[in-house]
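# Remarks on the overall topology
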Amino acid sequence: MATPASVSDLIEFIAASPSPWHAADTTARRLLARGFVRIEETERWKLVAGGRYFVMRGGSSLIAFVLGSQPLAETGFTLVGAHTDSPGLRLKPRAAHASEGVLRLGVEVYGGPILATFTDRDLGLAGRVSVRTASGQETRLLHFDRPLVRLPNLAIHMNREVNEKGLKLDKQTELPLILGIAGEGAEPTARFLALLAERLGVDAADILSWDLAVCDTQQGSLWGAADEFIAAPQLDNLASCHAALTALLAANDPQATCLAAFFDHEEVGSESATGAGGSFVSDTLARIASGLDEEDRRRALARSFFISADMAHAWHPNFPAAYEPQHKVMMNGGPVIKKNANQRYTTGADTAARFLGLCEKAGVPCQQYAHRTDLGCGSTIGPMVAARLGIPAVDVGSPLWAMHSLRESAGVQDHGYMIAALKAAFAQ
Ligand code: CO
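In short, a report on the structure.

Right, let's talk about helix H7 (residues 280-288) for a bit. Because the α-helix completes a turn every 3.6 residues, residues three or four places apart line up on one side. Regarding H7, the residues found buried are Phe280, Val281, Thr284, Leu285 and Ile288. The buried residues of H7 occupy an angular sector of 125° when projected down its axis, which confines them to one face.

What follows is the structure, given as structure tokens:
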């Protein structure tokens, strides 16, 4: 089977987006290439009817929009939201240290990764570094896309029950990454700074601070008897970011104002200036609607619709007891509507029906998911953004295996289905 263009493009998008800062940057580059205009929160906005714009906050969150052809108060906003961050390991500020001749990097756990999946893999580092310049300071993106660090497993001879009890890693003492042999000469921090400096082409003395994430260096791939699956890092939630972006880029003179919002910090609760719990989305909507009076602004919001796109748990036949037996989500079975009575997901009967209608219009299948009643249910940016804006919303996502593993799996057809459904939303 030939690889659909949308899936090759997704694999490229992920390869270029090993950290939330890279994901926002990749998104910005693609928007600029397609004629979107970057506007700054610090400047006065002079938006033109039919215009295509985007705005960034904190380097890792971005909102892109196409102004609709009809009055905002009559059509409202159509908003799709996803998140740029993925769970994993982040370097501590004073990361480098030598232990009995071995050079290591100390890490913190970001969000809820499956830690065991970080062992014995070709790991790189990616993120942003603040450097001193002649005119002050600036932030540079950094990506080591070659195997630079590693978390070697303990041999089974010293961990005899690993297959019976599972791999457990002490977060403080057993997660530091191996960077090299300490040897004589330069002390650990100096050696690490020299590595960063060389990569950035700056003087080590000018490196001020950093946000660096551990990333996988292996590219995404297709697998399965008919190449029906995608394996890649960060499918949660870069697959949704890519689908939202692709759909927005295809929006052609829409009646309603269409937005795709990409937020950092979902994996740690979204409560930050850049996160979905912050003011970024409401500030942006308010500025787009600034020409309207208060009454029309409220009318615009009341006519709006928010689609929260995040990955969904696909049925795994090896672990039937983990799933709600009446809600088996199948790989390549189409977008999934996620529902939870306790509002961990924001979906209601009305908004679910609305999304079903979009899938119908797009000619794609649609599935429904509910978590087991005896298991705690995860959440998304859906309920938070819906509450903040006070607009109807639905939680949806593409099926995924191994959520929060360093290498997750999704369905090839599902990605095209999700793009088609989101395109239908932006074609209203
Ligand atoms: Co997610």
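What follows picks up the thread again.
A word on the coordination of the cobalt ion. For the cobalt ion, the full set of protein donor atoms is His83 (NE2), Asp236 (OD), Asp310 (OD) and Asp310 (OD), at a range of 2.0 to 2.7 Å. For the cobalt ion, the single-chain donor residues occur in sequence as H-x152-D-x73-D. Taken together, the residues Asp236 in helix H6 (residues 235-250) and Asp310 in the loop between strand E14 (305-309) and strand E15 (312-313) connect sequence positions 74 residues apart. Here Asp236 matches Asp310 in class, with each residue buried.

Let us now look at helix H1 (residues 5-15). All buried positions along H1 are accounted for by Val7, Leu10, Ile11, Phe13 and Ile14. The arc that holds every buried residue of H1, seen down its axis, measures 160°, which confines them to one face. Set apart from the buried face of H1 by more than 90 degrees, the exposed residues are Ala5 and Glu12. Among the structural elements, helix H2 (20-33), strand E11 (221-223), strand E12 (229-232), H6 and helix H11 (412-426) are those in contact with the buried residues of H1.

This part covers the sheet that holds strand E19 (residues 399-401). Ordered by their spatial adjacency, 5 strands build an open sheet running E11-E12-E20-E19-E15, and the pairing between neighbours is mixed. Two strands close off the open sheet at either side, each with one partner strand: E11 and E15. With 3 bridges joining them, E11 and E12 adopt antiparallel strand pairing. In the strand pairing of E12, Trp223 is matched with Phe229. Here H1 sits on the sheet and contacts E11 and E12; the angle it forms with E12, its principal contact strand, is near 10°.

We now examine the packing of H6 against H11. H11 packs onto H6 with a crossing angle of 45° between their chain directions and a minimal axis gap of 8 Å. Taken together, the axes of H6 and H11 are oblique relative to one another. Once H6 is placed against H11, the crossing between them reads as right-handed. Along the contact surface, H6 presents Ala239, His242, Ala243, Ala244, Thr246, Ala247, Leu248 and Ala250, while H11 presents His415, Met418, Ile419, Leu422, Lys423 and Phe426. Split by residue class, the contact of H6 with H11 holds 10 nonpolar, 3 polar and 1 charged.

Following the sequence through the fold, Thr26 ends up in helix H2. Since its relative accessible area comes to 9%, Thr26 is described here as buried.

Conventions and cut-offs
- Residues numbered from 1 in each chain as written.
- Predicted model: local features only at pLDDT ≥ 70, side-chain atom pairs only at ≥ 80, totals over all residues.
- Heavy atoms only, no water.
- Buried < 20%, exposed > 50% of the residue type's maximum accessible area, 1.4 Å probe, protein only.
- Helix = DSSP H or I, 4+ residues; strand = E, 2+ residues; numbered from the N terminus.
- Arc of directions from axis to C-beta.
- Donors = N, O, S within 2.8 Å, 3.2 Å for Na, K, Ca; no water.
- Contact = heavy atoms within 4.5 Å.
- Pairing = 2+ DSSP bridges.
- Axes fitted to C-alpha atoms, helices over the stretch in contact; angles between N-to-C directions.
- Parallel < 35°, antiparallel > 145°, perpendicular 65-115°, else oblique.
- Left-handed = near helix turned anticlockwise from the far one by under 90°.
- Nonpolar A, V, L, I, M, F, W, Y, C, P; charged D, E, K, R; others polar.

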